[in-house]
Amino acid sequence: MEIQKITPRKISEAIAEQIKEQIVGGALKPGDKLPSTKELSESYQVGRSTIREALSALKAMGLVESYQGEGSYVRSIESQDVDLPEFNSLLMSRDTVMELIEARQALEVSNAALAAEKRTEEDLRRFEAVLKRMEEHLGDEEEGERADIEFHLVLAQATHNSIMARMIESISSQMQTAIRETRRLQMYANRTVSRQLLQEHQAVYEAIKRQDPRTAQDEMRRHLFHVEQVLIRYLNK
C-alpha cells in the first residue's frame, strides 16, 4: 500500500471545496462576506497561509472576489464560472506552470504598454503606494507576495480595460498557487531576491510614469523572465 504524505495544499483543497459547496448549494449567497482570514483559520484550525491558498483557488474559479482592506465576498455565479477548472485540476505540473507563465507574459507585456498610454495620476499614486509597501517589507514573504500581486492588479486596472483586469486577476491567482505548490520556493523571503523584484517593478513603473510603452514592455519582459528562471530552477529539482 502506497502512502502519500498529506501536505497543507491538500488541506487548502478540502477547505476550498467545502466553501465552494456552500456557494453552489446556496448556503452562501452572492454578495455575502466571508469570515476574515483569521476567523477561517481559527474555525478550520489551520494556518492563515492555508486559508489564503483556499481563497486564491476560489478566486481562480471565479466564485469569490477580494478587496484590499475589506475582505472576500461571494460573486454571482454565472454558467461560465461553474465551468472553470477546479482546484483539484490545478495540480501544478511543470507543463501547467510553463503555460501559465506564457499566458501571463502575453497579458502583462500588453498591459504594461496600455498602462503607459492610458495611466492617470491616480494610477501613479496607487503604484507608488504598492512600491512603498514592497520596500518596507523586504524579506517578509507574506507581505511581499501580497504587494507583488497588488502591483500587477494595479497595472491591469491602469489599462482602463475591465476585461484585461479580470483576465489578469484569474492568472495571478493561479500563478500564486503555482508558486506555493513548489513549497521550496521562497522568492519573497529572500531579501536579495525581493530587492531585485522591487527594482524590476520600479523600472516598469518609471516607464509607465514617463508614458513610454516600448520601455514598459521591455522592463516587464525582463521582470517576467527573471520570475520564470527562478520557477524553472526549482521545478527542475
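Per chain, the residues get numbers from 1 upward, laid out in the order the sequence is written. Under the rules for a predicted model, residues below a pLDDT of 70 receive no local features and side-chain atom pairs below 80 are neither given nor counted, while totals for whole chains, interfaces and linings still include all residues. Computation of side-chain values: all heavy atoms of the structure, hydrogens and water removed.

Where an unreviewed UniProt entry is consulted, the chain appears under the name GntR family transcriptional regulator, with the organism given as Paenibacillus tyrfis.

Along its length, the chain carries 10 helices and 2 strands. Numbered from the N terminus, helices here are DSSP runs of H or I no shorter than four residues, and strands are runs of E no shorter than two. Mapped from its N terminus to its C terminus, the chain presents α and β elements in the order α-α-α-β-β-α-α-α-α-α-α-α. For the exposure calls, accessible area comes from a 1.4 Å probe over protein chains only, and a residue counts as buried if that area is under 20% of its type's maximum, exposed if over 50%, partly exposed in between. Looking at the chain as a whole, 45% of its 237 residues are labelled buried. Considering only contacts in the chain between residues 6 or more positions apart, those separated by 24 or more positions represent 75%. Carbon together with sulfur atoms contributes 47% to the accessible area of the chain, which is approximately 12,400 Å² in total. Here, two residues are considered to be in contact whenever any of their heavy atoms come within 4.5 Å of each other. All accessibility values rest on the Shrake-Rupley procedure with a 1.4 Å probe; residue burial counts only the protein chains present in the view.

Turning next to the packing of helix 6 (residues 121–136) against helix 7 (residues 141–157). Taken N-terminus to C-terminus, the directions of helix 6 and helix 7 make an angle of 165 degrees; their axes are 9 Å apart at the nearest point. When the axis of helix 6 is compared with that of helix 7, the two are roughly antiparallel. The interaxial crossing formed by helix 6 with helix 7 has left-handed handedness. Two secondary-structure elements touch here, helix 6 through D123, R126, F127, V130, L131, R133 and M134 and helix 7 through E143, R146, A147, D148, E150, F151, V154, L155 and Q157. Note on residue categories: nonpolar means Ala, Val, Leu, Ile, Met, Phe, Trp, Tyr, Cys or Pro, charged means Asp, Glu, Lys or Arg, and polar means any other residue, Gly included. Class assignment for the residues of the contact of helix 6 with helix 7 results in 8 nonpolar, 1 polar and 7 charged. Here an angle of 0 to 180 degrees is reported between the N-to-C directions of two axes, which are lines fitted to C-alpha atoms, with helices fitted over the stretch in contact. Angles are sorted into four bins: roughly parallel if under 35 degrees, roughly antiparallel if over 145, roughly perpendicular if 65 to 115, and oblique for all others. Crossings are classed by handedness, with left-handed meaning an anticlockwise turn of the near helix from the far one by less than a right angle and right-handed meaning a clockwise turn.

Here we take up the packing of aromatic side chains. Pairing of aromatic rings covers Phe, Tyr and Trp, the last counted by its six-membered ring, and requires centre-to-centre distances within 6.5 Å; plane angles under 30 degrees mean stacked, over 60 mean edge-to-face, and any other angle means tilted. Under the criterion given, the structure shown has 3 aromatic pairs. For the ring pair Y67 and Y73, a centre distance of 6.0 Å and an interplane angle of 65 degrees mean the geometry is edge-to-face. Both rings, one in F127 and one in F151, keep their centres 5.2 Å apart while their planes meet at 55 degrees; by these two values the pair is tilted. With a gap of 24 residues between them, F127 in helix 6 and F151 in helix 7 connect regions that are remote in the sequence.

For side chains bearing opposite charge, pairing can occur when the charged atoms are close. Salt bridges are counted wherever a side-chain nitrogen of Lys or Arg sits within 4 Å of a carboxyl oxygen of Asp or Glu. Tallying each qualifying case throughout the model produces 7 salt bridges. Note that R125 is salt-bridged to E122, the shortest N-O span being 3.1 Å. Placement of the pair is R125 and E122 together in helix 6, with a separation of 3 residues, close to one helical turn. Given the relative accessible area of 41%, E122 is considered partly exposed.

Moving on to the pairing of strand 1 (residues 64–67). Within a regular strand, side chains alternate between the sheet's two faces. Of the strand pairs in this sheet, strand 1 and strand 2 (residues 71–74) are connected by 4 bridges, and their pairing is antiparallel. When the sheet's bridge partners are listed, S66 is paired in strand 2 with S72. If you look at the hairpin formed by strand 1 and strand 2, you'll find 3 residues sitting between the two strands, and G69 has a positive phi there, around 80 degrees. Strand pairing is defined by DSSP finding a minimum of two bridges between the two strands.

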